[in-house]
Amino acid sequence: MTVESLQALLHSSPHVWRGRETARVDARSSGYAALDARLPGGGWPIGALIEIASKTDGCGELRLTLPALKSWCQDGKSVAFIRPPHVPYAPALARNGMTLSSLLWVATDSDKDGRWAAEQLLRDGAAAVLLWSTAQEDRALRRLQLAAETGKACAFLYRSPAALKQSSPAAVRVAVSATHNGSGMSLDLMKVRGGHPGKLVLPLTRPAA
Amino acid sequence: MLWVCVHLPHLAMELRQPQQPGPLAVTDGTGARRHIIACNPTAREAGIALGMDAPSSMMREPELQMFDRSKSDERRATLALASWAHQFTSDVCVEVSRWMVWMEVGSSLRYFNSLRSLYTQIKTGIEQLGYTVSAGIAPTMEAAALLTRHPDVLPIINQSELRRAINSLPLAGLDISAKAVDQLHTTGLQTIQDLLGVPADALARRFGQDLPHYLQRLLGERADVRRRHRAPAIYRRRFDFMEGVESTDGLLFPLRRILQEFAGYLRGRDLAVQHLAVTLQHRDNRETVLQLATSAPQRNAAHLFALLREKLERIAIPDPVLAILLNAGEFVEPSIIQGDFFDDPRQENDNWSALLDKLRARLGAEAIRQLGLSDDHRPENAWCVLSDDKRDTGTADTPDRPLWFLNEPKQINDLPQLLGAPERIEAGWWTGQDTRRDYYLARTNEGAHWWLFRDVGTNRWYLQGLWA
């Protein structure tokens, strides 16, 4: 029996458990092939909490999620930015292909209110929520994880790099920083449930301004 | 004709449910004529019965708390139920003193598939309002009313079955005074059949014309001419508390009931609301007004309740609440087609706008934002938060701009490495000063990309954006 026919046989039957290949994960492509290859199901896992910690503002932390957000918008789904650190700049978002009418911006001073809004949106209609929160409690993270699961949505939680030192129920935890020549972003996938943790560099197009 | 009669046997009690447990009763009359007209289960278990006079009730259960009935509250509740009932038929009658509402359903049956499903909807609807209900179905209004007293008797659908179905019932359920029933009993009459065997003129001589007329209406031999209840054009509902309510929790139960009544009224008129005022009345004519505005036309009680509850939980109630008032006079076409709640493709959109309403109710309307573009080359003015008077006017055809924007530019002293040539943006005429800005892309030591400008007039540097 050749390797090919063995492979074909293995793949033809759903009853064969194939070791490393874990249960199929519902996912949305991140838009970056190198990143998708490391994520379970080939993209951001749906119904999961994803932690993103950026060392500094302006290193690509939003461009990391933007292609997926764009694809949700194109499907007519809604995405929400909750307590972003700055004004999400409409001209730049539109230029990057985001449908502004699919984007909701929740501006509140209270971290608690922000988490509450995130839960509501995750449960009840948004395809993805980007939440900026300083919450440390495990319980707060678990609530977000549960809301994402219930609503089959993606919860992107933006945190400070220090927060990555604690354990977390998140499915994916990634630290983002800029490469020194500014031509890309360095990702440190610290945890990828069902995928492949490790470091990688994604190319970024240099701003044209 | 086919009438559904609904009777609220414990209405007086259910309107005055104070917090404390223990035996409670509602009374009518004063002095020696004060007697029980409603009581709670604890009182019933202690042997308290309707019609019992106040002193003997107290003898039987010294712990019994008695409250005077409030006819105005009963009236408001019964009329609100009549308005609610219009969702099932346009033909509604009400008798406030008997705590009864009738609905003619013969002509609307086909909209509700079957009598059973209609009956279930009516009953569960009233139970959700927080009332105990007994219902009867018959071809005449009085026969339907009679059956509310006999829950074990099957609905009477055809006029021809009517007499046979009620013949064996006792006299006690009829709408005749207890005194008259006693007199009839002493003459040996026990059942309705017995009573119907007595010639009408003999009854009239002894009890007056009303009794034979009533029996003829019961059997459908005499037309039952009554004024029909009409749903009001402007909806007002008032609910009075026995004692001031200080906690939000205490307001929720009556508020839910009021909103469910209102939702039934809206369905009956096939209308919806976008604005709603709920007023909490305090002592000395002081008020707290909750204004509710929804993003889409609404008539879903649970949704309106959730929004008001959010609002209630966010405000401090300054004083005990003596009454709740609901006022609505501006109605709009509903966005959901009646009877089509689950198949409607707009359902998803409705859920979304319901969710946005919920967020607005808690976080404030200004916290929930949608972005738009403005046709303006000045960076601060090239974007906007959409509102009723701010529409998207721009195009996506802009130069590359940073994803994060600082509406208040931040002055910087240590300049990062500048990349490329500047972009000159004239700003003089909008600040009132002669200001021009040269915008640069810059890279920090950490590799972040910044959008900076140099104020050409002052030569100061500012950070205005980040390529996130």
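Residues numbered from 1 in each chain as written. Chains lettered and ligands numbered in written order. Predicted model: local features only at pLDDT ≥ 70, side-chain atom pairs only at ≥ 80, totals over all residues. Heavy atoms only, no water.

Draft legend 1. Structural detail: the overall build of chain B. Check the secondary structure of chain B and you find 15 helices and 18 strands. Taking all 468 residues of chain B together, 51% fall into the buried category. Approximately 23200 Å² of chain B is accessible, and the part contributed by carbon and sulfur atoms is 47%. (Helix = DSSP H or I, 4+ residues; strand = E, 2+ residues; numbered from the N terminus. Buried < 20%, exposed > 50% of the residue type's maximum accessible area, 1.4 Å probe, protein only. Areas by Shrake-Rupley, 256 points an atom, 1.4 Å probe, with all protein chains shown as cover.)

Draft legend 2. Quick peek at the interface of chain A and chain B. Counting residues at the interface gives 49 residues for chain A and 44 residues for chain B. For the pair chain A and chain B, the two sides together bury roughly 4400 Å², of which 65% comes from carbon and sulfur. Our enumeration of links across chain A and chain B arrives at 3 salt bridges. A salt bridge links D400 of chain B to R95 of chain A; the shortest N-O distance between them is 3.9 Å. On the surface where chain A and chain B come into contact, there are 15 residue pairs in polar contact (both at pLDDT 80 or more). Bridging between strand β6 (residues 103–106) of chain A and strand β12 (residues 368–373) of chain B involves 3 bridges; their strand directions are antiparallel. Each residue of the ladder has a partner; that of V106 of chain A, found in β12 of chain B, is I368 of chain B. (Contact = heavy atoms within 4.5 Å. Buried area = accessible area lost by both parts, 1.4 Å probe. Salt bridge = Lys/Arg side-chain N within 4 Å of Asp/Glu carboxyl O. Polar contact = N/O pair within 3.5 Å; in protein donor to acceptor, adjacent residues only side chain to side chain. Pairing = 2+ DSSP bridges.)

Draft legend 3. Seen up close, the sheet that holds strand β14 (residues 404–412) of chain B. Strand order in the open sheet formed by 6 strands is β5(A)-β14(B)-β18(B)-β17(B)-β16(B)-β15(B), with antiparallel pairing between adjacent strands. Single-partner strands in this sheet number two, and they are β5 (87–88) of chain A together with β15 (417–426) of chain B. One ladder, built from 5 bridges, connects strand β17 (residues 449–455) of chain B with strand β18 (residues 461–466) of chain B; its direction is antiparallel. Along β18 of chain B, the bridge assignment pairs W450 of chain B with L466 of chain B.

Draft legend 4. Region of interest: the pairing of strand β2 (residues 24–28) of chain B. Residue and element names in this part refer to chain B. With 4 of 5 residues buried, β2 is to be regarded as a mostly interior element. As defined by bridge partners, β2 adjoins strand β4 (residues 65–68) across 4 bridges and the pair is classed as parallel. Pairing of A25 across the sheet is with M66, part of β4. Of the strand pairs in this sheet, β2 and strand β3 (residues 35–39) are connected by 4 bridges, and their pairing is antiparallel. When the sheet's bridge partners are listed, V26 is paired in β3 with A38. Turn length for the β2-β3 hairpin, with the two strands adjacent in sequence and antiparallel, is 6 residues, and the turn residue G29 shows positive phi of about 80°.

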